[in-house]
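Secondary and tertiary structure notes
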Amino acid sequence: MKLGRMNHIGVVTPSITDSIAHWRDVMGATSFCEPFDLPAQGVKVCFVDTPADGPTNGTQIELIEPLGEDSPINSFLSKNPLGGQHHICFEVPDIHAAKAEFEAMGKRVLGEPRIGAHGTLIFFVHPKDMGGMLTEIMETPKGH
């Protein structure tokens, strides 16, 4: 498997609106996508672009807010009321090959590949198998 670039860091927040203000006013971010709902995953997300000096975009920050009472990230917020880093995401050229390789190594893949917030296939690997970090594996978007 060829690991690609780090695409984003997922940050859970109780309020995307408040987090946008933080990333704009404290961290100096100037580029944000319009927040959007992902009902299948029970979350609302907003991507914050970080600056880059090369041919590809910088690593993004994915702000993640619960979408309703049944959101799977509500348990994260109950333990971390201010929010915080939730996961790290790396790109791979072939999601199905990457899944097979992680499973062959005995890593616990959490579910089948599904469409993520970037509109490309993703899956997660259990933090106990990834040095304590929930790790998202994402197929590199076409055209990148």
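What comes next is a walk through the structure. (Residues numbered from 1 in each chain as written. Predicted model: local features only at pLDDT ≥ 70, side-chain atom pairs only at ≥ 80, totals over all residues. Heavy atoms only, no water.)

**Details of the environment of H126**
When you line up the elements, H126 lands in the loop between β8 (121–125) and β9 (135–139). Residue H126 is classed as partly exposed on the basis of its relative accessible area, which comes to 21%. Sequence separation between H126 and D18 is 108 residues; the distance between their C-alpha atoms is 29 Å. Those residues in contact with H126, other than ones at most four positions away along the chain, are R108, L110 and M133. (Helix = DSSP H or I, 4+ residues; strand = E, 2+ residues; numbered from the N terminus. Buried < 20%, exposed > 50% of the residue type's maximum accessible area, 1.4 Å probe, protein only. Contact = heavy atoms within 4.5 Å.)

**So, the packing of aromatic side chains**
This structure, assessed with the given rule, holds 1 aromatic pair. On the numbers, 6.1 Å between centres and 80 degrees between planes, the contact of F102 with F123 is edge-to-face. Taken together, the residues F102 in helix α3 (residues 95–104) and F123 in strand β8 connect sequence positions 21 residues apart. (Phe/Tyr/Trp six-rings, centres within 6.5 Å; stacked < 30°, edge-to-face > 60°.)

Such coordinate-based values are descriptive only and should not be taken to indicate function.
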